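A look at the structure
Take a look at the letters that make up each chain.
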Amino acid sequence: MTLSTTLSVTVRAAAKVNLHLGVGRPRPDGFHPLATVYQTLSLHDDVTASTGPAWSVSLVCEDDIDRDAFPAGEDNIVVRAGRLLAAHHDVGLAAGLTVRKSIPIAGGLAGGSADAAATLVALDRLWDLQTSDADLLALAARLGSDVPFALVGGTALGGGRGELVTPAPDEGTRWWVVVPARTGLSTPAVYRHFDELCPDAPEEVTVPDDLVAALGDPDNRVLAAVLRNDLQPVAIDLRPELGELIEAGERAGALRGIVSGSGPTCLFLCSDRGSADRLRTTLLDAGHPRVLVALGPVSGTHVVEYS
Ligand code: ATP
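Residues numbered from 1 in each chain as written. Predicted model: local features only at pLDDT ≥ 70, side-chain atom pairs only at ≥ 80, totals over all residues. Heavy atoms only, no water.

Notes on the pattern of salt bridges
- Counted under the stated rule, the structure contains 13 salt bridges.
- In this structure, Arg290 and Asp64 form a salt bridge, with 3.3 Å as the shortest nitrogen-oxygen distance. Note that Arg290 is positioned in the loop between helix H10 (273-285) and strand E11 (292-296) and Asp64 in the loop between strand E3 (56-61) and helix H1 (77-88), a separation of 226 residues in sequence.
- Taking the shortest distance from any N to any O, the salt bridge between Arg256 and Glu250 comes out at 4.0 Å. (Salt bridge = Lys/Arg side-chain N within 4 Å of Asp/Glu carboxyl O. Helix = DSSP H or I, 4+ residues; strand = E, 2+ residues; numbered from the N terminus.)

A look at the site of the ligand
- Around the ligand, a shell composed of 20 residues is seen, among which Asn76, Ala106, Gly108, Ala110 and Gly112 lie nearest.
- At a separation of 3.2 Å, an oxygen atom of the ligand approaches a polar backbone atom of Leu109.
- Measuring from an oxygen atom of the ligand, one finds a backbone N or O atom of Gly112 at 2.8 Å.
- In isolation the ligand has 600 Å² of accessible area, and contact with the protein removes 77% of it.
- Class assignment for the residues of the shell around the ligand results in nine nonpolar, eight polar and three charged. (Near = heavy atom within 4 Å. Polar contact = N/O pair within 3.5 Å; in protein donor to acceptor, adjacent residues only side chain to side chain. Areas by Shrake-Rupley, 256 points an atom, 1.4 Å probe, with all protein chains shown as cover. Nonpolar A, V, L, I, M, F, W, Y, C, P; charged D, E, K, R; others polar.)

A short note on the packing of H1 against helix H3 (residues 133-143)
- Packing of H1 against H3 brings their axes to within 10 Å, and their N-to-C directions diverge by 135°. Overall, the two elements H1 and H3 adopt an arrangement that is oblique. For the pair H1 and H3, the sense of crossing is right-handed. Where H1 abuts H3, its residues Ile77, Arg80, Ala81, Leu84, Leu85 and His88 lie against Asp135, Leu139, Arg142 and Leu143.
- Here the contact of H1 with H3 is built from residues that sort into six nonpolar, one polar and three charged. (Axes fitted to C-alpha atoms, helices over the stretch in contact; angles between N-to-C directions. Parallel < 35°, antiparallel > 145°, perpendicular 65-115°, else oblique. Left-handed = near helix turned anticlockwise from the far one by under 90°. Contact = heavy atoms within 4.5 Å.)

A short note on the nonpolar core
- Ranked by internal contacts, the top residues of the largest apolar core, which has 41 residues, are Trp55, Leu85, Leu97, Leu120, Leu123, Trp127 and Leu143.
- Looking at this core, the elements with two or more residues in it are strand E1 (8-23), strand E2 (34-52), E3, H1, strand E4 (94-101), helix H2 (111-126), H3 and helix H4 (147-152).
- Take this core: its biggest share by element is nine residues, from H2.
- The residues contacting Leu143, other than those within four sequence positions of it, are Ile77, Arg80, Ala81, Leu84, Ala116 and Leu120. (Core = buried A, V, L, I, M, F, W, Y, C linked by side-chain atoms within 4.5 Å. Buried < 20%, exposed > 50% of the residue type's maximum accessible area, 1.4 Å probe, protein only.)

Section: H1
- Compared with the 16 Å implied by 1.5 Å per residue over twelve residues, the 16 Å span of H1 between its first and last C-alpha is a close match.
- Within H1, the full set of buried residues consists of Ile77, Val78, Val79, Ala81, Gly82, Leu84, Leu85 and Ala86.
- Packed against the buried residues of H1 are E3, E4, H2 and H3. (Expected span 1.5 Å × (residues − 1).)

Topic: the state of the cysteines
- Summed over the entire model, instances satisfying the criterion amount to zero disulfides.
- The cysteine Cys198 is free of any disulfide, with Cys266 supplying the nearest cysteine sulfur at 18 Å. (Disulfide = S-S within 2.5 Å.)

Considering the side chain of Thr36
- You can see Thr36 is positioned in strand E2.
- Side-chain polar atoms of Thr36 contact the side chain of Asn18, separated by 2.7 Å.
- The residues contacting Thr36, other than those within four sequence positions of it, are Asn18, His20, Leu21, Ala156, Leu157, Gly158 and Val207.

Considerations on the pairing of E2
- Burial runs high along E2: 14 of the 19 residues are buried.
- Pairing geometry for E1 and E2, over 14 bridges, is antiparallel. For Ala14, the partnering residue across the bridge sits in E2 and is His44.
- Inspection of the sheet shows E2 paired to strand E5 (residues 155-159) by four bridges, in the antiparallel sense. By the bridge assignment, Tyr38 is partnered in E5 with Ala156.
- In this sheet, E4 lies alongside E2 in antiparallel orientation, the contact comprising seven bridges. (Pairing = 2+ DSSP bridges.)

Quick look at H3
- All buried positions along H3 are accounted for by Leu136, Leu139, Ala140, Ala141 and Leu143.
- Elements in contact with the buried residues of H3: H1, H2 and H4.

This is the structure:
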């Protein structure tokens, strides 16, 4: 009898949109308090972890992804995630990590965070470490504020600096049109500009009740009416064309257009799939090179292939 050995594990990593992003003034530790509602989208990367003698990272993507913005080697968050998991279990192991990327880089869709969450799960399975959910969430929070949510997925409230995640029931299928920008925006730069533009931001922020109530209604018009992102005016101040894009999308049939997180990706909530497909065609005809249709919520990181 031959024992089968797992040589590689592929885990799906979903992009996220913030249905609400309330931002307060910086805390003493420098982080901004956030009150957010996250939702995972069907737009995703896949991370494959393979047994190997040394850490390595490679990228597989189409031409519409900005390859130069993908850090090589140790600077990549997937290597940081792998090293953190190995250190947590005190195992002297390394792995090869391949990211098949569709999520725009530095787009406000937390693609790097999703890749990090997927790496934790892929290596946990590859090495059969059986890390508890609580430990995975704690390791994820050390990697970044959005990483715990990427593990959990679905629709969820985020508190603290975003890392305290509470799943929220969502009764709808939310159809989104996603319009990536040609070049990314730096999240720290957007937060610095927020501090300049909003010196009187509140010390504490909360998720409004009407947003939580809207999640209980499958009608996307109800949700569209309460979407809000405190970083949207900041991103538009840095990139005025984002405001023009949002106006154009709403004129062309979207229920609402929003900047995703720190931007610059814009998302349009539509009433149903047909309306999302029509808006995509209109925006492509208007000259936007990459326009995608995605639905949410989808599940968090999960294994899609063992070999
Ligand atoms: P944030 O999570 O900060 O809102 P974002 O969604 O705007 O970020 P990401 O695609 O996560 O954007 O990338 C943020 C930065 O992280 C990039 O500028 C890039 O240099 C760095 N980075 C490190 N590893 C990765 C990765 N695996 N994928 C994408 N970016 C990465």
